[in-house]
Amino acid sequence: DVKVTQSSRYLVKRTGEKVFLECVQDMDHENMFWYRQDPGLGLRLIYFSYDVKMKEKGDIPEGYSVSREKKERFSLILESASTNQTSMYLCASSLEYLPGTEAFFGQGTRLTVV
Amino acid sequence: TQLLEQSPQFLSIQEGENLTVYCNSSSVFSSLQWYRQEPGEGPVLLVTVVTGGEVKKLKRLTFQFGDARKDSSLHITAAQPGDTGLYLCAGARSAGGTSYGKLTFGQGTILTVHP
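Because the structure is a prediction, the values reported are computed rather than measured. (Residues numbered from 1 in each chain as written. Chains lettered and ligands numbered in written order. Predicted model: local features only at pLDDT ≥ 70, side-chain atom pairs only at ≥ 80, totals over all residues. Heavy atoms only, no water.)

Examining the nonpolar core
- Formed by 21 residues in total, the largest nonpolar core has its most connected members in Ile13, Leu19, Leu32, Trp34, Leu74, Ile76 and Leu111 of chain B.
- At the level of elements, β2 (10–14), β3 (19–24), β4 (31–37), β5 (44–49), β7 (61–65), β8 (71–76), β9 (85–95) and β11 (109–114) of chain B are the ones that each hand at least two residues to this core.
- Sequence-distant contacts of leucine 19 of chain B, defined by excluding residues within four places in its chain, comprise Leu11, Ile13, Leu74, His75, Ile76, Ala79 and Leu111 of chain B.
- Grouped together as the second largest cluster of nonpolar side chains are 20 residues, Val19, Cys23, Tyr64 and Cys91 of chain A included. (Core = buried A, V, L, I, M, F, W, Y, C linked by side-chain atoms within 4.5 Å. Buried < 20%, exposed > 50% of the residue type's maximum accessible area, 1.4 Å probe, protein only. Helix = DSSP H or I, 4+ residues; strand = E, 2+ residues; numbered from the N terminus. Contact = heavy atoms within 4.5 Å.)

Below is the structure:
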């Protein structure tokens, strides 16, 4: 079974802090994604990566950056956390970046910025 | 602007009832997926439909992709408490000549099935 693991289930950070969310997948998938999930808005794509050191902006990249130094690991960075970044963050991976490819999700990190 | 409009957003029904969740868009999608998410977990894929008019069945769940590939529905027959969860539709579009497969998600439908 594919396993996508996010380093923390819950995080509480202060406004202005630099925050790192880590995600690891164990199935040698090429593609990895970071989404945020908010009530009534579904999942919105922040960034995705289709190869090591390669990244593309998603729909809402402002205030975020990412890092993919190794194939299995994709990190989301909040350079200076703000209260409007309080949300559930979901990491996902897939074998191919093609229509219909299944995305496998981690369990999510609920981030609260105070 | 939400590219995929999902309705209803909330559904509370009794065990044994039938229900339908709709996912509509003005855009054409290469494929449409349905995911189910339980509290504290990430979404898990239920089905992928890729052909206009396609119907897929998964036990008591029936999924349909519209002829024009702009909409989809999920129908559950004789709902059970175990069906409780958040249901998400997600469409993949092709960007120009490259099949990006980027997923766009609907807002989700929170289904509660009472015993």
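Considering the environment of aspartate 26 of chain A
All names here are of chain A.
- Secondary-structure assignment places aspartate 26 in the loop between β3 (19–25) and β4 (31–38).
- A sequence separation of 21 residues divides aspartate 26 from threonine 5, and the C-alpha atoms of the two residues are 8.6 Å apart.
- Of the polar contacts made by the side chain of aspartate 26, one reaches the backbone nitrogen of lysine 3; its length is 2.9 Å. (Polar contact = N/O pair within 3.5 Å; in protein donor to acceptor, adjacent residues only side chain to side chain.)

Observations concerning the state of the cysteines
- The full count for this structure, using the stated rule, is two disulfides over all chains.
- Between the sulfur of cysteine 23 of chain A and that of cysteine 91 of chain A lies a disulfide, 1.9 Å long from S to S. An S-S torsion of about -75° defines the bridge between cysteine 23 of chain A and cysteine 91 of chain A as left-handed. Taken together, the residues span a long stretch of sequence, with cysteine 23 of chain A in strand β3 and cysteine 91 of chain A in strand β9 (residues 87–94) at a distance of 68 residues.
- Bridging cysteine 23 of chain B to cysteine 89 of chain B, the disulfide has an S-S length of 2.0 Å. (Disulfide = S-S within 2.5 Å.)

What about the pairing of β11 of chain B?
All names here are of chain B.
- Burial of the side chains of β11 is restricted to one face: Thr109, Leu111 and Val113 are buried, whereas none of Ile110, Thr112 and His114 on the reverse face is.
- Examined bridge by bridge, β2 and β11 share five bridges and lie parallel to one another. Bridged to phenylalanine 10 within β11 is isoleucine 110. (Pairing = 2+ DSSP bridges.)

A word on the interface of chain A and chain B
- Between chain A and chain B, the contact holds 21 residues from the first and 25 residues from the second.
- Roughly 1800 Å² is buried in total at the junction of chain A and chain B, and carbon and sulfur atoms are behind 55% of that figure.
- Linking chain A to chain B there are zero salt bridges.
- On the surface where chain A and chain B come into contact, there are five residue pairs in polar contact (both at pLDDT 80 or more).
- The set of elements that each furnish at least two residues to the side of chain A that touches chain B consists of β4 and β5 (42–51) of chain A.
- For the side of chain A that touches chain B, the element with the highest residue contribution is β5 of chain A, accounting for three residues.
- Of the residues belonging to the side of chain A that touches chain B, the class tally is ten nonpolar, eight polar and three charged. (Buried area = accessible area lost by both parts, 1.4 Å probe. Salt bridge = Lys/Arg side-chain N within 4 Å of Asp/Glu carboxyl O. Nonpolar A, V, L, I, M, F, W, Y, C, P; charged D, E, K, R; others polar.)

Examining the pairing of β4 of chain B
Residue and element names in this part refer to chain B.
- By the criterion of burial, β4 is predominantly enclosed, with seven of the seven residues buried.
- Along β4, one buried face is formed by Ser31, Gln33, Tyr35 and Gln37 and the opposite face, lined by Leu32, Trp34 and Arg36, is buried too.
- Sheet analysis places β4 next to β5, joined by five bridges and oriented antiparallel. Residue pairing in the sheet places tryptophan 34 in a bridge with valine 47 of β5.

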